[in-house]
Amino acid sequence: RHRQLRIPQFLGSLAGALQNDGLQHGVELTDHLTVEDLLASWLVAIVVIAEIAARNSQPQSKLERRAWKGLADCLHDLGDLSRELGDAPEAFEKYGEALAWFGALQDGLGQANCTKGIGDLMLDRSAYHPARLLYREALALYHFAVNALGKADSIKSLGDVACASRHFPLAQRRYDTALRF
């Protein structure tokens, strides 16, 4: 038996708010937030939404679905940020968590973005074969989600793998293909 959840209004548009430096839980809104401020905001959002999600196996309303999507988006963004900061284990963990949430939501585009992010981590570590497999999986997910930009980016990333592997003619073909999207 699930009790009725009262979700604060700001969670209803969490994904958009986070993308626009929103959800200022204890963080003063300024034109220039620090990385630490953004991390604190995202972590607060993740805790709040995870508490809600733990009570239900599936979102019970559109508002809860948006909150779950916001959580997945936050985790993906934390993966991106961790990768940029050079913390590959943390990035991998966050992408994996986001991938699970996007999977529960049956959000193919979110799954594709996470798969691509994990592929980027593999490429960063010169793990070319796993990167290639992940980029191919992301390409298939982007194709299913009808996302031409994601498809082009995945093909470009396959070109990056070929280039890093010193297969320059293949890299050139992949870059040319990506440009045609």
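Placed above this text is the structure.
Residues numbered from 1 in each chain as written. Predicted model: local features only at pLDDT ≥ 70, side-chain atom pairs only at ≥ 80, totals over all residues. Heavy atoms only, no water.

Asks: Please clarify how helix α4 (residues 62-84) should be interpreted in this entry.
Replies: For the α-helix, the turn length of 3.6 residues means that residues three or four positions removed from each other point alike. With 23 residues, α4 extends 33 Å from end C-alpha to end C-alpha; this agrees with the ideal 33 Å at 1.5 Å per step. Just downstream of α4 lies Gly86, where phi reads positive at about 85°. (Helix = DSSP H or I, 4+ residues; strand = E, 2+ residues; numbered from the N terminus. Expected span 1.5 Å × (residues − 1).)

Asks: Explain the nonpolar core to me, please; I cannot follow it from the model alone.
Replies: Across soluble globular proteins, nonpolar side chains have a tendency to be buried as a group. Grouped together as the largest cluster of nonpolar side chains are eleven residues: Ala88, Ala91, Tyr95, Ile118, Leu121, Met122, Leu123, Ala131, Tyr135, Leu158 and Val161. When contributions to this core are tallied by element, the ones reaching two or more residues are α5 (88-104), α6 (108-124), α7 (128-144) and α8 (148-164). The leading source of residues in this core is α6, at four residues. Discounting chain neighbours no more than four positions away, the residues touching Tyr135 are Lys116, Gly119, Asp120, Leu123, Ser154, Ser157, Leu158 and Val161. Counting residues in hydrophobic clusters, the runner-up holds nine residues, among them Leu71, Ala72, Leu75 and Phe102. (Core = buried A, V, L, I, M, F, W, Y, C linked by side-chain atoms within 4.5 Å. Buried < 20%, exposed > 50% of the residue type's maximum accessible area, 1.4 Å probe, protein only. Contact = heavy atoms within 4.5 Å.)

Asks: Please explain unusual backbone geometry as it appears in this structure.
Replies: Most peptide bonds take the trans form, and the phi angle of most residues other than glycine is negative. For Ser126, which is not glycine, the phi torsion reads 60° and is therefore positive. With respect to the helices and strands, Ser126 occurs in the loop between α6 and α7. Residue Ser126 is classed as partly exposed on the basis of its relative accessible area, which comes to 45%.

Asks: Would you mind going over the pattern of salt bridges with me for this structure?
Replies: A pair can form between side chains of opposite charge whenever their charged atoms are brought close. Evaluation of the coordinates by the stated rule reveals nine salt bridges. Here Asp160 makes a salt bridge to Lys156, at a shortest N to O gap of 2.5 Å. Placement of both Asp160 and Lys156 in helix α8 is noted, with a separation of four residues, approximately one turn of the helix. One network of salt bridges, in which partners are shared, links Arg83, Lys116, Asp120, Asp124 and Asp153. (Salt bridge = Lys/Arg side-chain N within 4 Å of Asp/Glu carboxyl O.)

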